[in-house]
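Notes for the structure review
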Amino acid sequence: MRTLALFIVLAGCATVSPPGAELAAARTAVIQAEPAARRYAPDELRLAQEKLARAEQAMAREQWGEARRFAEQAEVDARLAFAIAENERARSAQ
């Protein structure tokens with residue numbers, strides 16, 4: 001009986017919470033990347049936007065783990081798009 005009670009307590013601690021902060025960070029990164037990445041890194045920006053949309057869809061279905069994973073990937077892709085765009089903008093200014 002003690003083992004069962006311990007298992008239930010541990011299982012309750014292992015539940016995944018909604019990834020609100022991760023989703024907010026991904027949205028912010030996509031918004032920040034959009035102006036320059038539209039011109040200089042459109043493919044990377046599109047990937048970030050698609051992953052952000054998938055994260056939002058997973059949130060709507062309350063699939064927190066999937067939403068977190070897509071949000072984190074969207075943020076990384078958006079940051080990559082921003083870095084590529086800034087690099088290309090600096091190159092063209094030379």
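Above this text is the structure in question.
Calculation rules
- Residues numbered from 1 in each chain as written.
- Predicted model: local features only at pLDDT ≥ 70, side-chain atom pairs only at ≥ 80, totals over all residues.
- Heavy atoms only, no water.
- Helix = DSSP H or I, 4+ residues; strand = E, 2+ residues; numbered from the N terminus.
- Polar contact = N/O pair within 3.5 Å; in protein donor to acceptor, adjacent residues only side chain to side chain.
- Buried < 20%, exposed > 50% of the residue type's maximum accessible area, 1.4 Å probe, protein only.
- Axes fitted to C-alpha atoms, helices over the stretch in contact; angles between N-to-C directions.
- Parallel < 35°, antiparallel > 145°, perpendicular 65-115°, else oblique.
- Left-handed = near helix turned anticlockwise from the far one by under 90°.
- Contact = heavy atoms within 4.5 Å.
- Nonpolar A, V, L, I, M, F, W, Y, C, P; charged D, E, K, R; others polar.

Moving on to the side chain of Arg 68. For Arg 68, the position within the fold is in helix α4 (residues 64-93). Among the polar contacts made by the side chain of Arg 68, one reaches the main-chain carbonyl oxygen of Ser 17 at a distance of 3.2 Å.

This part is about unusual backbone geometry. One non-glycine residue, Glu 62, lies in positive phi territory at about 60°. Tracing the sequence through the fold places Glu 62 in the loop between α3 (42-60) and α4. On the basis of relative accessible area, Glu 62 is assigned to the exposed category, the value being 56%.

Between helix α2 (residues 20-40) and α3, the shortest axis-to-axis distance is 9 Å and the interhelical angle comes to 155°. Between α2 and α3, the interaxial angle falls into the category roughly antiparallel. Our pair here, α2 against α3, has a crossing hand that is left-handed. Within the contact between the two elements, α2 uses Leu 23, Ala 26, Arg 27, Val 30, Ala 33, Glu 34, Ala 37, Arg 38, Arg 39 and Tyr 40 and α3 uses Pro 42, Leu 45, Ala 48, Gln 49, Leu 52, Ala 55, Glu 56 and Met 59. Of the residues that constitute the contact of α2 with α3, the class distribution is twelve nonpolar, one polar and five charged.

Remember that the coordinates give geometry; whether it matters functionally is a separate question.
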